[in-house]
Amino acid sequence: MQIQIAWRNIWRNPRRTMIMLTAMIIGIWSMIFLGGMMRGMMVGMINNGISTLTGDIQIHAKGYRDDPSIEYFMPDLKGIEKTINKILPRGSRYTSRIRVNAIAANARHSTGVTMVGIHPVKEPGVSFIGPGAVVHGRYLVPGNNNGILIGRAMAEKFGTKTGHKIILMSENIQHDIASKAFIIMGIFKAEMQSTEKHFVFVTSSSARHMLKLAKGASEISIILPHHKGDKKITWNLRQAIPDSYEIHTWQELLPILTSYLKMFDGFMYIWFLVIFIAMGFGIVNTTLMAVYERMKEFGLLKALGMRPWLIIRSVLLESFMLLVIGTAIGNCMGFLTIHFLSITGINLTSLSAGAEFAGLSRIIYPVLYPKDIIMANVVVIGLGLVVSLYPAVKAARFTPVEALSHE
Amino acid sequence: MHRNCVECRDIIKTYHQGKICVHALNGVSLSIEQGEFVALAGPSGSGKTSLLNIIGGLDKADSGSVIVTGKSFENLSDSKLAKLRLNNIGFVFQSYNLIPVLSALENVEYVMLLQGVPAEERYERSIQILNDTGLEDKYNSRPAELSGGQQQRVAVARAIVSNPMLVLADEPTANLDSETGMGLLEIMKKMNRLKKVTFLFSTHDNMVMDFADRLVLMKDGEIVGDKNKV
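Residues numbered from 1 in each chain as written. Chains lettered and ligands numbered in written order. Predicted model: local features only at pLDDT ≥ 70, side-chain atom pairs only at ≥ 80, totals over all residues.

Engineer: Help me out: how do you make sense of the overall build of chain B in this one?
Structural biologist: Within chain B, the regular secondary structure consists of seven helices and 10 strands. Taking 230 residues into account, the globule formula puts the C-alpha radius of gyration at 17 Å, and chain B, at 17 Å, falls close to it. Expressed as a percentage of its 230 residues, the buried residues of chain B come to 47%. When contacts within chain B are restricted to residue pairs at least 6 apart in sequence, those whose partners lie at least 24 apart make up 71%. (Helix = DSSP H or I, 4+ residues; strand = E, 2+ residues; numbered from the N terminus. Rg over C-alpha atoms; globule rule 2.2 N^0.38 Å. Buried ≥ 20, exposed ≤ 12 C-beta atoms within 10 Å, placed from the backbone. Contact = placed C-beta atoms within 7 Å.)

Here it is as structure tokens:
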């Protein structure tokens, strides 16, 4: 009967209830939607970070990260690969690369780039580069000793196209200047323009030839199934691989991204709180209005013998019902919005320069995390009940005589 | 020997309205036996409602003692007073004070819900009391769908259904026409006779005063007359 009474009380003033519900629905919807969008950005940033040649785990020769030059190469590539094969779970992929800083030049321009010598067959699936990323021309093939892939943005900047020549200069293993002319085989696109500007890809054999590197590679990049278990596998690799090598997870390789992600949860929960504070004032105000409107009735209930805590309970029950209805509808709307946008994505191409600065993808696909949904609902329902306590206690504290004489 | 249902001694109550002190009750003493049907009469401002509020435990006296149904109000917490009202005292108000979202039946049931009476018994007793008060066709009507007389009968049914020893009614017929008011008084009298419930009601209506078995007259916060007509 208490639930029935609470339900009827809620609908005494339908307009007020609808306004309150609308505020709650918008509040919870915005929490879920913005939470999903922020998580989508986060996932996009992680995916960009991992696929832009980082991988889940990387192995280098000791000292390479401090000075990424060709002299810090891994000589015993076969031995490491043998160890990796024993440790990595089924479904993992890895590739080795030769990676050095270089200068790219043509007749019009020159710029600093990262030259990456890749294994054309093993690279796709480990990073973004592969046949699918090539928008003009074709992808590299093993044994191709003068082909190069450059990014779309770099091609525009250099005013060049496939079939044209580009010169790369770098330091070889003997600390001499090495340079080599390459023919643009293909132009690739990447999620971020900076990747298109700063990376050029050649085959590892041509890189080796240019840098006079007989064997070995600069790095091994590993992708784990579903990007899971990196810490445990890193630990296992560290036990198995000699100390002359360094093994890092993507979190260690991308420290700025990692700290940004750590702040993400905090930002989101602050955002939830901000929304709730705005909503909370509405809840208190509306509940207080409803309580004052029914002051005489509370006086009657007390006169009849209703104890104060039962009055508090009845007011809280009404708030709880409203909160549950509001959050339920808000959740449904939030889920539908996220579902729709997770198919179409949110296109930030017009903001790509700014978005890229923050490491964001051009298209964001919102993602729902159960913990965010739970948090949003707990914040709204939990804190909603807490702020409803004030009007509830107020109702319980009316003396019957003052309440009954209230007009 | 009759046991007193209400025993008030030297009740003093003063209200403060800003800088003005209003002496509502100036040392009122009153005893009412179980089963009496008493009218508390007097002009407006004579202290009738103040006395009813104090006897009903809705307000506290500045000094004096109140014993209702054998229980002293002295040192009773709000919660214990609420429990005492719930189980021993019924209230009928001038402006009916029914809960607008509940039907007549639910309004009557509500007090028993607070008492923890099982649902089936609540329903049976409510139906019975509504039949006794002539509301057999109004079980499911909300207060807004009832006339003033019908609403006041629901209020009387609500006051009686929990089997209180005392019913306090503050000018129960003031908002009713004389015929409806007389009908209500007859119902109250019937309940008084049937259930031996003590009725104490305030009024300044001569018809109501004539109807009471005992008439207590008040003026300026004091009892100026006490006439037993039976």
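Engineer: Hey, could you run me through the overall build of chain A in this one?
Structural biologist: Check the secondary structure of chain A and you find 14 helices and 12 strands. Here the C-alpha radius of gyration of chain A, 31 Å, is well above what a compact globule of 407 residues would show, namely 22 Å. Taking the principal axes of the C-alpha coordinates as reference, chain A spans close to 100 × 50 × 30 Å. The proportion of buried residues among the 407 residues of chain A is 43%. Counting only contacts in chain A whose residues sit at least 6 apart along the sequence, the fraction spanning at least 24 positions is 81%.

Engineer: Explain the sheet that holds strand E6 (residues 89-92) of chain B here, please?
Structural biologist: Paired through their backbone hydrogen bonds, the strands of a sheet run either parallel or antiparallel. Residue and element names in this part refer to chain B. Across the sheet, which stays open at both edges, the six strands sit in the order E6-E7-E8-E3-E9-E10 with mixed pairing between neighbours. Looking at the sheet topology across the chains shown, the edges are occupied by E6 and strand E10 (222-228). Averaged over all pairs of adjacent strands, the angle between their axes in this sheet comes to 15°, without regard to strand direction. Summarising the sheet, strand E9 (residues 214-219) and E10 pair through six bridges and their orientation is antiparallel. Directly across from Arg-214, in E10, lies its bridge partner Asn-228. (Pairing = 2+ DSSP bridges. Axes fitted to C-alpha atoms, helices over the stretch in contact; angles between N-to-C directions.)

Engineer: Hey, could you run me through the packing of helix H3 (residues 104-115) of chain B against helix H4 (residues 119-132) of chain B in this one?
Structural biologist: Two packed helices can be described by the angle between their axes and the distance between those axes. Residue and element names in this part refer to chain B. In the contact formed by H3 and H4, the axes pass within 9 Å of each other and the chain directions differ by 125°. With respect to H4, the axis of H3 lies oblique. As for how H3 packs across H4, the hand of that crossing is right-handed. Of H4, the residues touching H3 (which contributes Ala-104, Leu-105, Val-108, Glu-109, Met-112 and Leu-113) are Arg-122, Tyr-123, Arg-125, Ser-126, Ile-129 and Leu-130. For the contact of H3 with H4, a count of residues per class yields eight nonpolar, one polar and three charged. (Parallel < 35°, antiparallel > 145°, perpendicular 65-115°, else oblique. Left-handed = near helix turned anticlockwise from the far one by under 90°. Nonpolar A, V, L, I, M, F, W, Y, C, P; charged D, E, K, R; others polar.)

Engineer: What is the right way to look at helix H13 (residues 370-397) of chain A in this model?
Structural biologist: One full turn of an α-helix is made of 3.6 residues, so residues set three or four places apart face in the same direction. All names here are of chain A. Taking 1.5 Å of rise per residue, 28 residues should cover 40 Å, and H13 covers 40 Å from first to last C-alpha, within 8% of that figure. Of all the bends found along H13, the most pronounced is centred on Leu-389 and spans about 30°, while Pro-391, a proline, follows it within four residues. Turning to H13, its buried residues number three or more, namely Asp-372, Ala-376, Val-379, Val-380, Gly-384, Val-387, Ser-388, Pro-391, Ala-392, Ala-395 and Ala-396. On the buried face of H13, the contacting elements are helix H2 (14-54), helix H9 (255-293), helix H10 (295-304) and helix H11 (308-344). (Expected span 1.5 Å × (residues − 1). Bend = angle between axes of the 7 residues up to and from the residue.)

Engineer: What is the right way to read the environment of B:Ser126 from this model?
Structural biologist: Residue and element names in this part refer to chain B. Within the fold, Ser-126 resides in helix H4. Separated by 35 residues in sequence, Ser-126 and Val-161 have C-alpha atoms that sit 6.7 Å apart. Excluding its chain neighbours within four sequence positions, the residues that come into contact with Ser-126 are Leu-105, Val-108, Glu-109 and Val-161.

Engineer: Would you take a moment to explain the packing of H9(A) against H13(A) for this structure?
Structural biologist: Residue and element names in this part refer to chain A. Look at H9 against H13: their axes get within 9 Å of each other, and the N-to-C directions meet at 30°. It follows from the interaxial angle that H9 and H13 lie roughly parallel. As H9 runs across H13, the sense of the crossing is right-handed. When grouped by side-chain class, the residues that make up the contact of H9 with H13 number 17 nonpolar, four polar and two charged.

Engineer: Explain the environment of B:Pro43 here, please?
Structural biologist: All names here are of chain B. Within the secondary structure, Pro-43 sits in the loop between strand E3 (37-41) and helix H1 (48-55). Placed 177 residues apart in sequence, Pro-43 and Asp-220 show a C-alpha to C-alpha distance of 8.8 Å. Setting aside anything within four residues of it in sequence, one finds Pro-43 in contact with His-204 and Lys-219.

This is a description of form; function is not addressed.
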